[in-house]
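Here is what each chain is made of, one letter per residue.
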Amino acid sequence: MKVNNLAIDIEKIKEEYPENPLEFFKGKRLCLFKACLEKYFPGVRFGIKNLCEALDLKVNICEKQSCCSGTFFQRNLITRAQFAAINERNLNEINRQGDILLVSCNGCYNSLLRGRDFLKTPEVYKKTQEILKGVKEEMGGEKYPGQYEILDNPNLRVMHDLDFIYLIRESVINTLKYDLKGLKIASHYGCHYLNLDRDRDTETYLRDKRKLEDLIELFGGEPVDYSEREACCGWGASQIVLHPGDALKTTYSKLKSAENVEASFLLMPCPTCLYTLSKPEFRDQIEGLFEERLDIPTIHLNELIAILRGCEEEKCIALRRHSPRIHEIYETITKE
Amino acid sequence: MTNVNIESDEEWSYDFLESLVEDIEENRNIMQCISCGKCVGECPAAKISNFNIRKIISKVLRGDRSVLKDSDIWYCYLCERCKRVCPKEGINIPLLIINLRNESFKKGYGPKYNDLTKYVDMASRFLTNGTVLDDPLDGELSEDRVKELDKICDFARIKYVFKARNANQQKDSDKEESQEKKESEIL
Ligand code: SF4
Ligand code: SF4
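Criteria and thresholds
Residues numbered from 1 in each chain as written. Chains lettered and ligands numbered in written order. Predicted model: local features only at pLDDT ≥ 70, side-chain atom pairs only at ≥ 80, totals over all residues. Heavy atoms only, no water. Helix = DSSP H or I, 4+ residues; strand = E, 2+ residues; numbered from the N terminus. Buried < 20%, exposed > 50% of the residue type's maximum accessible area, 1.4 Å probe, protein only. Areas by Shrake-Rupley, 256 points an atom, 1.4 Å probe, with all protein chains shown as cover. Near = heavy atom within 4 Å. Nonpolar A, V, L, I, M, F, W, Y, C, P; charged D, E, K, R; others polar. Contact = heavy atoms within 4.5 Å. Salt bridge = Lys/Arg side-chain N within 4 Å of Asp/Glu carboxyl O. Buried area = accessible area lost by both parts, 1.4 Å probe. Polar contact = N/O pair within 3.5 Å; in protein donor to acceptor, adjacent residues only side chain to side chain.

Overview of the overall build of chain B
Looking only at helices and strands, chain B features nine helices and zero strands. The linear arrangement of helices and strands in chain B, starting from the amino end, is α-α-α-α-α-α-α-α-α. Burial status across chain B gives 47% buried among its 187 residues. Surface accessibility of chain B: about 10,100 Å² in total, with carbon and sulfur atoms responsible for 45%.

Written out as structure tokens, the structure is:
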């Protein structure tokens, strides 16, 4: 059986809906993947949900979805087949209630595609099937046909929030109340967006990715380049937890480099990168290690969209009171 | 095969690589490595530690199993940058690293559970509420769903980590109890 990795074909949508790609999504059920770290940044979920609703798109959340389990695979705590089985369980449930799965986190996005990729190895495919069969027995059978089977050519397609927002950008701009005039903004993509090849041909894989910069420009801001633009945030598949003294050097260089070009803030499409680059304790540790206080604010693209749309501060940047200078950014953008 | 100067073909020994390939076919492509060092030049782990992926690959290709004991293999960020810059097709370094770490774990060289404290917590949350955090944004997964995850993870390291933590907690609470008992006896 040929296993598809489920990445949405963006080029095909552009061909079929050259005037207005938003039309492709009309009437489709969009499911928002629950990234664990959205707990710390509820504005990430709110931002995309609020935008979809403003564009008359149908959105839902899958209650039965678990964590993508990428972190356990990366730490060798589960096998490839177990990782693929967790992924299939999630995709199976989501496939029942969604046509398109929107993902706000690079890590989850990578996991969702990688889990399907592993199934291309016959041995992993077989083991995954056996694991799911075991689950079916344990659970006393299935509640719906195919519940514990590998999805064979499902309807569902997976899409990163950044790719989605970029594709429908001309429609997004019409829903915004504010702009980014007078702000210099540095972009951070995150390794598992920047270096991912699964859903791209070789040319786009190697070419500079500029979607964030293009969006900044479209929203009236000035994108600024900086030397560490393509560098990792420092999370490094939990290196920041395991070897914090070393990994924080990466975080420091990144933040410092963006401060050096006087960026007003750092924009990114991933809550894991956001966690690493904004956590007050990490900023304190950086100050201890490098004797320098870095206070550049950081923001997720979905949070920014919510601010630009004029949503309440509490909704856009909920729980972020301790993030460096985030309130200041909100005030600057929303000044009448 | 240690202490060899890798000038001629005779220095290579693919037994070790073959054993890695047995598990993950994709690792076979590592044989195509031309040792150009592009991956090292772009590697974030190399910038902040002694981690050198070219050396690791060279050890694997020389059949030098001491690489499994090297602490270096635990420094990779799994960021996939090397995959992007490598001039050769299909070399999947992050997957090689994960595989080497697996082998290292199997031999008992990997990080001990004590070094994985954070993972112990995450593992126990995953196997009780289906996420890596306490009080997840959308609430906990239902019992049935957690049972499915638990079954999928049968015999996985994640379960040993979880059990080791429970056993440690039991030990701690036993210790506390006996301490309390001692204290009450003293009082
Ligand atoms: S970039 Fe590729 S070919 Fe060059 S040393 Fe690294 S793995 Fe080998
Ligand atoms: S995946 Fe590992 S070896 Fe490759 S560039 Fe990233 S840190 Fe370096």
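Structure shown, so let's carry the discussion forward.
As for the site of ligand 1
Taken together, Cys33, Ile34, Ser35, Cys36, Gly37, Lys38, Cys39, Ile57, Cys86, Pro87 and Ile93 of chain B make up all the residues around ligand 1. Residue composition of the shell around ligand 1, by class: eight nonpolar, two polar and one charged.

Brief notes about the environment of Tyr144 of chain A
All names here are of chain A. Tracing the backbone through its elements, the reader meets Tyr144 in the loop between helix H7 (122-138) and strand E4 (157-160). Its relative accessible area of 10% is what places Tyr144 among the buried residues. Between the alpha carbons of Tyr144 and Arg96 there is a distance of 10.0 Å; along the sequence they are 48 residues apart. Leaving out residues up to four positions away in the same chain, Tyr144 has contacts with Asn92, Glu93 and Arg96.

A short note on the pattern of salt bridges
Scanning the entire structure with this criterion turns up 36 salt bridges over all chains. Salt-bridge contacts for Glu123 of chain A lead to Lys127 of chain A; the nearest nitrogen and oxygen are separated by 3.3 Å. One end of the pair, Glu123 of chain A, and the other, Lys127 of chain A, are both in helix H7, four residues apart, so they sit about a helical turn from each other. One salt bridge in this structure joins Glu18 of chain B and Arg28 of chain B, with 3.4 Å as the shortest N-O distance. Of this pair, Glu18 of chain B sits in helix H1 (residues 15-23) while Arg28 of chain B sits in the loop between H1 and helix H2 (38-42), and the two are ten residues apart along the sequence. With relative accessibility at 32%, the residue Arg28 of chain B sits in the partly exposed group. Among the charged side chains, a network of salt bridges with common partners joins Glu213, Arg229 and Glu230 of chain A together with Glu42, Arg81 and Arg84 of chain B.

A closer look at the interface of chain B and chain A
Across the boundary between the two partners, chain B contributes 49 residues, which contact 64 residues of chain A. When residues of chain B are sorted by the area they lose upon contact with chain A, Arg84, Tyr119 and Ile152 of chain B head the list and together hold 16% of the total. On the surface where chain B and chain A come into contact, there are six salt bridges. The salt bridge partner of Asp144 of chain B is Lys143 of chain A, with a shortest N-O separation of 3.6 Å. Our count for the chain B to chain A interface comes out at 23 residue pairs in polar contact (both at pLDDT 80 or more). Where the side of chain B that touches chain A is concerned, the elements lending two or more residues are H1, helix H3 (44-48), helix H5 (81-85), helix H6 (93-106), helix H7 (117-129), helix H8 (143-152) and helix H9 (157-186) of chain B. Ranked by residues supplied to the side of chain B that touches chain A, first place goes to H8 of chain B with seven residues. Here the residues of the side of chain B that touches chain A are counted per class, giving 27 nonpolar, three polar and 19 charged.

Let's talk about the environment of Leu176 of chain A
Tracing the chain through its elements places Leu176 of chain A in the loop between helix H9 (169-173) and strand E5 (184-187). Taking the C-alpha atoms as reference, Leu176 of chain A lies 7.3 Å from Gly310 of chain A; in sequence the two are 134 residues apart.

Just geometry here; none of it tells us what the structure is for.
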